[in-house]
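Reading the structure
Here is how the chains run, residue by residue.
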Amino acid sequence: EDRHGSFCRADAIEVLSTSPDRVDAPCVWARPGGCGGCDFQHVAPPAQRRLKADVLAEQLRRLGGVSLDVEVEELPGGVLGWRHRMRLAVGPDGKAGLRAHREHDVIPISDCLLAAPGMLPAVLEGDWPSGDEVQVERDAEGVVYASARAIAEPVRHRAAGRDWLVPLGAFWQVHPALADTLCEVVEQWAQAPAGGCAWDLYGGAGVLASVLAGQVGEAGAVTVVESDRSSVQAGRAALADVAWVAWRLGRVERVLPELTRARRPDVVVADPPRKGLGRAVIDQLAAAGPDRLVQVACDPASLGRDVALLAERGYQLKQLRAFDAFPMTHHLEAIALFHRD
């Protein structure tokens with residue numbers, strides 16, 4: 001495929017010289033013309049992590065101007081059976097399946113090796129509205145929820161020592177170990193002072209905010225900014241006993257000016273969407289002047305661009321960790337700590 005842009009795409013049609021890291025894909029649907037979800041199944045897991053580390057290091061160097069030795073750390077649970085949330089497509093026959101690689105066609109499957117064992121078979125055998133999508137989630141107790149429409153009954157997740165009742169389809173990490181892993185890193189890096197002020201931007205249901213609340217204590221203040229109403233409602237319920245956590249429903253760039261006028265934050269934690277923070281939000285954060293910024297990122301290029309923008313405004317990258325939160329795919333999750341000069 002050549003769209004006369006900055007890159008082309010190609011498919012391997014024959015392997016002439018095999019890499020020692022090439023393995024047989026464990027899934028019969030992970031093949032040319034097959035499912036588009038797992039693009040690394042033909043790579044040995046340690047090599048998958050090395051490839052991801054190389055990409056992240058290259059993007060930080062080229063876009064962020066920072067040279068680092070990057071390691072992508074393995075999460076508990078192995079490379080199969082880790083995914084607890086999936087969205088399936090429904091074909092013309094009313095059967096759920098997975099999209100073909102870069103296509104709209106629905107590939108019929110009998111299971112997915114990435115899904116938690118037992119999560120999908122009943123869903124795949126059912127009949128669904130043609131052309132719709134089915135959200136499937138496994139809760140903390142192993143109960144499976146599936147619906148092509150939003151349902152009132154929430155899904156119970158567990159993180160940061162609490163239960164979170166989150167509506168089906170609202171944001172939650174797909175890897176069951178990732179939420180607690182990020183909480184542990186935020187607890188180490190945020191260092192919000194007792195009685196201090198902390199912001200949790202793009203905060204979802206407030207999992208990371210719960211960590212910040214424990215650091216600042218009752219004399220402090222934590223503000224969560226989130227644009228999804230159902231996530232805010234779930235977070236308010238989960239943290240009802242933590243009165244010093246406040247919630248702001250709205251887009252981060254629209255809420256920040258008011259927050260900045262109220263009080264300077266000591267630390268900011270941000271988990272933006274794939275596009276990253278971007279210039280407008282970073283300008284507002286720099287004006288707010290926190291001493292520390294902890295950013296969660298799922299896209300190496302977006303993180304690289306944000307590193308450069310933050311450096312221009314006096315925030316230097318001090319620590320970085322990356323996790324293999326999406327085994328068998330090229331995706332990863334990173335978390336970065338910035339200090340103000």
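Right above here is the structure, for reference.
The present account deals with the structure reproduced in this document.

Each value, and the rule that gives it
- Residues numbered from 1 in each chain as written.
- Predicted model: local features only at pLDDT ≥ 70, side-chain atom pairs only at ≥ 80, totals over all residues.
- Heavy atoms only, no water.
- 1 Å grid on protein atoms, 1.4 Å probe; cavity = no way out; pocket = protein on both sides within 12 Å on 5 of 7 lines; lining within 4 Å.
- Points joined across faces, edges and corners; volume = space filled by probe spheres on them.
- Nonpolar A, V, L, I, M, F, W, Y, C, P; charged D, E, K, R; others polar.
- Helix = DSSP H or I, 4+ residues; strand = E, 2+ residues; numbered from the N terminus.
- Core = buried A, V, L, I, M, F, W, Y, C linked by side-chain atoms within 4.5 Å.
- Buried < 20%, exposed > 50% of the residue type's maximum accessible area, 1.4 Å probe, protein only.
- Contact = heavy atoms within 4.5 Å.
- Lys, Arg positive; Asp, Glu negative; His and termini not counted.
- Salt bridge = Lys/Arg side-chain N within 4 Å of Asp/Glu carboxyl O.
- Polar contact = N/O pair within 3.5 Å; in protein donor to acceptor, adjacent residues only side chain to side chain.
- Pairing = 2+ DSSP bridges.
- Phe/Tyr/Trp six-rings, centres within 6.5 Å; stacked < 30°, edge-to-face > 60°.
- Axes fitted to C-alpha atoms, helices over the stretch in contact; angles between N-to-C directions.
- Parallel < 35°, antiparallel > 145°, perpendicular 65-115°, else oblique.
- Left-handed = near helix turned anticlockwise from the far one by under 90°.

1. Let's talk about empty space enclosed by the protein
Leftover empty space is mapped by rolling, across the atoms, a probe with the size of a water molecule. On inspection of all chains with the given rule, the structure shows two cavities of 30 Å³ or more. Approximately 90 Å³ is the volume attributed to the largest cavity. Across the lining of the largest cavity, the residue classes tally to ten nonpolar, one polar and one charged. Space inside the second largest cavity adds up to approximately 40 Å³. Of all the elements in the fold, those that place two or more residues in the lining of the second largest cavity are strand 13 (292-297) and helix 8 (300-312). Taken together, the residues of the lining of the second largest cavity sort by class into six nonpolar, three polar and three charged.

2. Description of the nonpolar core
Membership of the largest hydrophobic core comes to 67 residues, with the highest contact counts inside it found for L88, L120, W164, V186 and I335. Not counting residues up to four positions away in its chain, the partners in contact with W164 are V155, R156, H157, R158, A159, W172, A205, G206, V207, S210, A238 and L239. Among the nonpolar cores identified, the runner-up in size contains 35 residues, and C197, V225, Y315 and L317 belong to it.

3. Remarks on the side chain of D306
Take D306: it is sitting in helix 8. Buried within the structure, D306 lacks any salt-bridge partner; its nearest side chain of opposite charge belongs to R305, at an N-O separation of 6.3 Å. For D306, the side chain forms a polar contact with the main-chain nitrogen of G278, separated by 3.1 Å. Setting aside residues no more than four positions away along its own chain, D306 makes contact with G276, L277, G278, I282 and Q295.

4. Brief notes about the pairing of strand 7 (residues 155-159)
In strand 7, alternate side chains face the same way, and those of V155, H157 and A159 are buried while those of R156 and R158 on the opposite face are not. Bridge count for strand 7 against strand 8 (residues 162-166) is five bridges, and the pairing is antiparallel. In the strand pairing of strand 8, V155 is matched with V166. With antiparallel pairing between neighbouring strands as the criterion, strand 7 and strand 8 make up a hairpin whose turn holds two residues, including A160 at a positive phi of roughly 55 degrees.

5. Thoughts on the packing of aromatic side chains
With the rule as written, the count across this model stands at two aromatic pairs. Taken together, a centroid distance of 6.4 Å and an interplanar angle of 80 degrees make the contact between W82 and F326 edge-to-face. Separated by 244 residues along the polypeptide, W82 in the loop between strand 1 (72-74) and strand 2 (85-90) and F326 in the loop between strand 14 (315-324) and strand 15 (333-340) bring together distant segments of the chain. On the basis of relative accessibility, which here comes to 2%, the residue W82 falls in the buried class. Seen in terms of ring centroids, W164 and W172 are 6.3 Å apart; in terms of plane orientation they differ by 50 degrees. Their pairing is tilted. Take W164 and W172: they sit in the same class, and that class is buried.

6. Quick notes on unusual backbone geometry
Its identity is not glycine, yet A160 carries a phi of approximately 55 degrees, on the positive side. Locating A160 in the fold gives a position in the loop between strand 7 and strand 8. One non-glycine residue, Q191, adopts positive backbone phi at about 50 degrees. Here Q191 shows up in the loop between helix 3 (178-190) and strand 9 (197-201). For Q191, a relative accessible area of 47% corresponds to the partly exposed category.

7. Focus: the sheet that holds strand 14
Across a sheet, paired strands are connected by hydrogen bonds in the backbone, their directions being either parallel or antiparallel. Pairing is mixed in the open sheet, where eight strands are placed in the order 1-14-15-13-12-9-10-11. Of all the strands in the sheet, just strand 1 and strand 11 (245-249) have a single pairing partner and so form its edges. The sheet shows a mean angle of 20 degrees between the axes of neighbouring strands, direction not considered. Examined bridge by bridge, strand 9 and strand 10 (residues 221-226) share five bridges and lie parallel to one another. In the strand pairing of strand 10, L201 is matched with V225. Strands strand 9, strand 10, strand 11, strand 12 (267-270) and strand 13 of the sheet are contacted by helix 4 (residues 207-216), whose axis makes an angle of about 165 degrees with strand 10.

8. Topic: the packing of helix 6 (residues 252-262) against helix 7 (residues 278-288)
In the contact formed by helix 6 and helix 7, the axes pass within 10 Å of each other and the chain directions differ by 15 degrees. Here helix 6 is positioned roughly parallel relative to helix 7, judged by the angle of their axes. Of the two elements, helix 6 crosses helix 7, and the hand of that crossing is left-handed. Residues V252, E253, L256, P257 and T260 of helix 6 pack against V281, Q284, L285, A287 and A288 of helix 7. Residue composition of the contact of helix 6 with helix 7, by class: seven nonpolar, two polar and one charged.

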